[in-house]
Amino acid sequence: MDIYGSIASEFSKDSGMTQGIKLSTDDLPARERHEWLREVIGREYANVEVTPPADGSLFNEMTIYPWQNLRLSTIRSSAICLERLPREPHLVSQDAYFAVVLLSGGYLLEQNGKTVVLQPGDMTLYDATQPHRIHCPQHFSKLIVSIPRPMLRDRIAGIEHCAALRIPGNKGIGSVAANFIRTAASQTGQLNAQEFSALADHSLDLLTLALASVRPANFNVSRSRSIALNRVKAFIERHLADPDLNTARVAGGVGLSPRYINDLFKDEDTSLMRYIWQRRLENCRKDLLDPVHAGHRLSDIAFRWGFNDLSHFSRAFRQRFGCSPTEYRQQPKA
């Protein structure tokens, strides 16, 4: 389920066009704006302390668009400082990474002992669950793509090392990613909801490439891949009996791309679907030798483990174990 369901539930369904939820200090008296903004940012993004501009002229306007499992925000604001202290997130929706595209003004981010200063067009990333400080000394505008942390961790090994790094917006993959996100945001009024939603995966793919381009080289890739592979295998074991278990179902269940999953299995000289068939055949083999299943028909055992074609099961079993299921069952027990 989309972790941003609270916003999505307010999303207009009467029109086919893309619409967001607009929140602005313009609707409030000046004396109420500081507390209102702290509450809204704490609810929608991260639990932070808000320091308004010295002259007290606080202004902030945000429009939030649900974007499949992501969320896109357009923000305009007066000078401001935000600081997240060490504390637990209030909501599950705050268990996220925020990718920032600066549109205008200045932007300074501090996290994990690193400081990054952005120029308009640049991007950076920060972990909303960890302490951070954001200082914008003048009026600014930016885009935020909110990405569930588990989703990004599974896509990029060493993602925790990518926070507070500058991704230049004037060259290379950073320019491609920033321009794509900026264009998507600028065209929300011209895109229907289905078209806008279809852009989310492309945005995440480009962000993944952009982050990988600045990721430090000194981290343990093999450990991250091993964790991801074990999670995929655990999902397969839980759903092995489902005859509809396929690449798309596994990818959706674990939040990884089909290409990345097959790349993980390539390390073991197999593919995702071959692994699924092997696990099914192994469970069938065990059942054929188990006295508990002695009275069960071959079809019962095959269907129990996700096969929906008995002839296909028999051929695959012979190829894997060198004899038919019937012959295997009739072998003398040790």
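Since the structure is predicted, the reported quantities are computational estimates derived from the model, not experimental observations.

The rules behind each value
Residues numbered from 1 in each chain as written. Predicted model: local features only at pLDDT ≥ 70, side-chain atom pairs only at ≥ 80, totals over all residues. Heavy atoms only, no water. Pairing = 2+ DSSP bridges. Helix = DSSP H or I, 4+ residues; strand = E, 2+ residues; numbered from the N terminus. Axes fitted to C-alpha atoms, helices over the stretch in contact; angles between N-to-C directions. Contact = heavy atoms within 4.5 Å. Core = buried A, V, L, I, M, F, W, Y, C linked by side-chain atoms within 4.5 Å. Buried < 20%, exposed > 50% of the residue type's maximum accessible area, 1.4 Å probe, protein only. 1 Å grid on protein atoms, 1.4 Å probe; cavity = no way out; pocket = protein on both sides within 12 Å on 5 of 7 lines; lining within 4 Å. Points joined across faces, edges and corners; volume = space filled by probe spheres on them. Nonpolar A, V, L, I, M, F, W, Y, C, P; charged D, E, K, R; others polar. pLDDT = per-residue confidence, 0-100. Phe/Tyr/Trp six-rings, centres within 6.5 Å; stacked < 30°, edge-to-face > 60°. Parallel < 35°, antiparallel > 145°, perpendicular 65-115°, else oblique.

J.: I'm lost on the sheet that holds strand 9 (residues 123–127) in this one. Help?
T.: Strand-to-strand pairing in sheets goes through backbone hydrogen bonds, with the strands running parallel or antiparallel. The six strands lie next to each other as 1-3-4-11-6-9, forming an open sheet whose pairing is antiparallel. Of all strands in the sheet, those with a lone pairing partner are strand 1 (21–24) and strand 9, marking the two edges. When the angles between neighbouring strand axes are averaged without regard to direction, this sheet yields 20°. Taken strand by strand, helix 5 (residues 193–214) contacts strand 3 (60–67), strand 4 (70–77), strand 6 (96–104), strand 9 and strand 11 (140–148), and its axis lies near 105° from that of strand 3.

J.: Got a minute to help me understand the nonpolar core in this structure?
T.: Nonpolar side chains in soluble globular proteins tend to be buried together. Ranked by size, the top nonpolar core spans 31 residues in total, and within it Met123, Val145, Ile147 and Leu152 carry the most contacts. Sorting the residues of this core by element identifies strand 3, strand 4, strand 6, strand 9, strand 11, helix 3 (149–155), helix 4 (172–186) and helix 5 as the ones contributing at least two each. A per-element tally of this core places helix 5 first, with seven residues. Other than its neighbours up to four places away in sequence, Leu152 contacts Tyr97, Leu125, Ile147, Ile159, Leu204 and Leu211.

J.: Is there a simple way to think about the sheet that holds strand 7 (residues 107–111) in this case?
T.: As summarised here, the arrangement of the five strands in space is 2-5-10-7-8, forming an open sheet in which the pairing is antiparallel. Each edge of the sheet is formed by a strand with only one pairing partner; in this case those strands are strand 2 (49–51) and strand 8 (114–118). The mean angle between the axes of side-by-side strands here comes to 10°, regardless of whether they run parallel or antiparallel. Bridge count for strand 7 against strand 10 (residues 132–136) is three bridges, and the pairing is antiparallel. By the bridge assignment, Leu109 is partnered in strand 10 with Ile134. Against the sheet, helix 2 (residues 30–44) engages strand 2 and strand 5 (80–84), with an angle of about 140° to strand 2.

J.: Got a minute to help me understand empty space enclosed by the protein in this structure?
T.: Empty space left among the atoms is revealed by rolling a probe the size of a water molecule over them. Counted under the stated rule, the structure contains one cavity of 30 Å³ or more. Volume-wise, the largest cavity comes out at about 160 Å³. Lining the largest cavity are 16 residues, with Ile41, Ile75, Leu82, Lys142 and Ile144 positioned closest to its centre. For the lining of the largest cavity, the secondary structure elements donating two or more residues are strand 3, strand 4, strand 5 and strand 11. With three residues, the single largest contributor to the lining of the largest cavity is strand 11. Per-class residue counts for the lining of the largest cavity are twelve nonpolar, three polar and one charged.

J.: Hey, could you run me through the layout of surface pockets in this one?
T.: Space inside the second largest pocket adds up to approximately 340 Å³. Contributing to the lining of the second largest pocket are 17 residues, with Met151, Arg155, Asp201, Gly255 and Leu256 lying nearest its centre. When contributions to the lining of the second largest pocket are tallied by element, the ones reaching two or more residues are helix 3, helix 5 and helix 7 (247–254). Among the elements that take part in the lining of the second largest pocket, helix 5 stands out by supplying five residues, more than any other. Looking at the lining of the second largest pocket residue by residue, the classes come out as eight nonpolar, six polar and three charged.

J.: How do you make sense of the confidence of the model for the protein chain when you look at a structure like this?
T.: Segments scoring low in pLDDT should not have their predicted coordinates read at a detailed level. For the protein chain, per-residue confidence averages 87 on the pLDDT scale, and residues scoring 70 or more make up 89% of the total. Scored below 50 in pLDDT, residues 1–15 makes 25 contacts in the model with residues more than four places away or belonging to other chains.

J.: Looking at this model, I keep getting lost on the packing of aromatic side chains. Mind explaining?
T.: Where two aromatic rings form a pair, the distance of their centres and the angle of their planes describe that pair. Counting across every chain of the model gives ten aromatic pairs. Between Phe98 and Tyr126, the ring centres sit 5.4 Å apart and the planes meet at 85°, which makes this aromatic pair edge-to-face. Separated by 28 residues along the polypeptide, Phe98 in strand 6 and Tyr126 in strand 9 bring together distant segments of the chain. In this structure, Phe98 and Tyr126 share a single accessibility class: buried.

J.: How do you make sense of unusual backbone geometry when you look at a structure like this?
T.: What you tend to see is this: most non-glycine residues have negative phi, and most peptide bonds are trans. Its identity is not glycine, yet Gln68 carries a phi of approximately 55°, on the positive side. Among the secondary structure elements, Gln68 is positioned in the loop between strand 3 and strand 4.

J.: Hey, could you run me through the pairing of strand 11 in this one?
T.: Every regular strand shows the same layout, with side chains that alternate between the two sheet faces. Burial within strand 11 is extensive, with nine of its nine residues counted as buried. Where burial is concerned, the two faces of strand 11 agree: the one with Phe140, Lys142, Ile144, Ser146 and Pro148 and the one with Ser141, Leu143, Val145 and Ile147 are both buried. One ladder, built from seven bridges, connects strand 4 with strand 11; its direction is antiparallel. Considered in strand 11, the bridge of Leu72 is made with Val145. Of the strand pairs in this sheet, strand 6 and strand 11 are connected by eight bridges, and their pairing is antiparallel. Residue pairing across strands places Leu102 opposite Lys142, the latter belonging to strand 11.

J.: Teacher, can you tell me more about the packing of helix 9 (residues 272–289) against helix 11 (residues 310–321) here?
T.: Geometrically, a packed helix pair is captured by the angle between its two axes and the distance between the axes. Here helix 9 crosses helix 11 at 90°, and the two axes come no closer than 11 Å. It follows from the interaxial angle that helix 9 and helix 11 lie roughly perpendicular. Listed contacts from helix 11 to Leu281, Glu282, Cys284, Arg285 and Leu288 of helix 9 are Phe313, Ala316, Phe317, Arg320 and Phe321. A class-by-class count of the residues in the contact of helix 9 with helix 11 yields seven nonpolar, no polar and three charged.

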